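# What the coordinates show
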Amino acid sequence: MAKTSKPVAKSDGAKKSPGKPSPRRSAGVTLKRPAAPQPAPASDSAETQAALWKALPAEQKLALREREAARIFNVAIDHHQKGEVSAAIEAYGKSLLLNPKIPDVYNNMGVALRSAGKLEAAVACYRRCLVLRPNHPGVYSNLGNAYRGLGRLQLSVASHQQAVKLDPKNPEAYYNLGLALRDLGQPSQALAAFETTLRLKPDHAECRWDRSLTLLGMGDLSRGFAEYEWRWKLDRSPPRVLEKPLWDGSPLKGKTLLIQQEQGIGDMIQFARYIPLVKERVSTVVVETQPELARLMSTVKGADKVINRGSALPRFDAYIPMMTLARLFETTQATIPADIPYMSPPPGQSVQLLPSMENQRQIGIAWAGRPTHQNDKNRSCDFKQFIELLGIPGVNIYSLQKGGRESDIKENGCEALVIDMASRLNDFADTAALVSQLDLVITVDTSVAHLAGAMGKPVWVVVPFAADWRWGYNTSETPWYPSMRLFRQPQPGNWDQVFSDVRKALRAELGIAPPQPVRLR
């Protein structure tokens, strides 16, 4: 996963991580500040200053403009170092107005614009920089990262290949190339690029992490989960080391094991399948989880006690992070625990649907994940993509959406077409109670997809072109959830084709003929 840095250097490093790296360390080159200019002498009035300016020779005017441009560039760098991105962008712009021939200003401005999410403008800055300073590897790397963020993966790969060609001993250049190749759907080539990075820098934690995700996506779970332990070396995910020993998988008869919560709710649901296996070796299993997942997690066989993350820990003899269990049980494609369903609503369902009229199918939908997720802009979609589904007869549509985006229903005038259940879903036990009564769930890649899969309910998941590792490559199935069907973007950002396929599949499921085009007479 790549690092979004806040550099004030000529290169932003191109990786994606929520950390705040040193502004002087990056994948490209380090910017040297221009010499601090001397202040111009004060004048009596604006009119006097204008007259003095007009009287200056052209050469001196140019020198003064360049000196002032350098001074403002230093101001912009100070803003950038402090994380004041908007002020930095404004100051870089003023510097360029005075002297549009400083390549470093264009590059730094591109870095700032990229961090502000203005990728098109960042691309323009990097290209202007390359006009003034051709064949600079760090700028090509930055350009490749901006193209990657825009989903222009062919251009991203080409830019990173140029960076590698110009600086063949830079591990970051190969790492960035590997990320772009993986997003392009070329995992084998991505692995080759990652291997080169690690030959040049064996302790490159981000690369180790991304190599693990690539291996997992390719189905090499044994190597992938072994490499997955490098997540603890990332600045954004330090391990929570406790006083008790880390469990090695050996029997703990008469003793208690704490399974630590980590990562998102979807991850916890996916890996809860290992709890029954843990119980076979341990007398008492305590599961730590997010509060909104606690009631549902208590339904998993083998979970003797469930506690909320952040609450006081009970007595225990050893501990293990949840997602390390896959490595500990030596998981391969053939041995993924698939005793499904392994989650179910707690007794006494809190959410009850009215019986459907005329045997209509009950379908749940969700179109957006957690907005803070690093890939949310790609995995979530516009609610409007679901609107055409609402016109298909024979179905009742229930919204499972939470997290703020449920307002999309009203904003698009669909209150009468979608039954919004958000106010009744207080935690995932409530959501599970609702899902248990549905015939089908159609969702983006979010926790709802994992929940439906863990319950064994039919679930159709629409996934972006560069999908998460657990959905593999070029397949409509996943060994993690047998009841799941994947609908993939054929190109980055192409949700239209995905939902066209979903509508076609739903009509086929309902036995409805496809709509006929209207013929004009």
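These figures come from a predicted structure and were not determined experimentally.

Reading the values: rules and limits
- Residues numbered from 1 in each chain as written.
- Predicted model: local features only at pLDDT ≥ 70, side-chain atom pairs only at ≥ 80, totals over all residues.
- Heavy atoms only, no water.
- Axes fitted to C-alpha atoms, helices over the stretch in contact; angles between N-to-C directions.
- Helix = DSSP H or I, 4+ residues; strand = E, 2+ residues; numbered from the N terminus.
- Parallel < 35°, antiparallel > 145°, perpendicular 65-115°, else oblique.
- Left-handed = near helix turned anticlockwise from the far one by under 90°.
- Contact = heavy atoms within 4.5 Å.
- Nonpolar A, V, L, I, M, F, W, Y, C, P; charged D, E, K, R; others polar.
- Buried < 20%, exposed > 50% of the residue type's maximum accessible area, 1.4 Å probe, protein only.
- Polar contact = N/O pair within 3.5 Å; in protein donor to acceptor, adjacent residues only side chain to side chain.
- Pairing = 2+ DSSP bridges.

As a packed pair, helix H8 (residues 171-183) and helix H10 (residues 205-217) sit with axes 11 Å apart at the nearest point and diverge in direction by 20°. Relative to H10, the element H8 is oriented roughly parallel. Crossing of H8 against H10: the hand is left-handed. Residues Tyr 175, Leu 179 and Arg 182 of H8 touch H10, and the partners they reach there are Glu 206, Cys 207, Asp 210, Leu 213 and Thr 214. Tallied by class, residues from the contact of H8 with H10 come to four nonpolar, one polar and three charged.

This paragraph deals with the side chain of Thr 443. Along the chain, Thr 443 turns up in strand E8 (residues 440-444). By relative accessible area, Thr 443 is classed as buried at 0%. In this structure the side chain of Thr 443 is engaged in a polar contact, spanning 3.5 Å, whose partner is the backbone oxygen of Ala 366.

Turning our attention to the packing of helix H6 (residues 137-149) against H8. Running from amino to carboxyl end, H6 crosses H8 at an angle of 25°, the nearest separation of the two axes being 10 Å. Viewed along their axes, H6 and H8 adopt a mutual orientation that is roughly parallel. For the pair H6 and H8, the crossing hand works out as left-handed. When H6 is examined against H8, the residues Ser 141, Asn 145 and Arg 148 are found in contact with a partner set consisting of Asn 176, Leu 179, Ala 180 and Asp 183. By residue class, the composition of the contact of H6 with H8 is two nonpolar, three polar and two charged.

Attention shifts here to the sheet that holds strand E9 (residues 459-463). Read from one edge of the open sheet, six strands run E7-E6-E5-E8-E9-E10, paired in parallel fashion. Each edge of the sheet is formed by a strand with only one pairing partner; in this case those strands are strand E7 (419-420) and strand E10 (484-488). Sheet topology places strand E5 (residues 361-366) next to E8; four bridges connect them, and they run parallel. Bridge pairing links Gly 364 to Val 441 in E8. Each of E5, strand E6 (395-399), E8, E9 and E10 is contacted by helix H21 (residues 495-510), which is oriented at about 165° to E9, the strand it contacts most.

These values are about where atoms sit, not about what they do.
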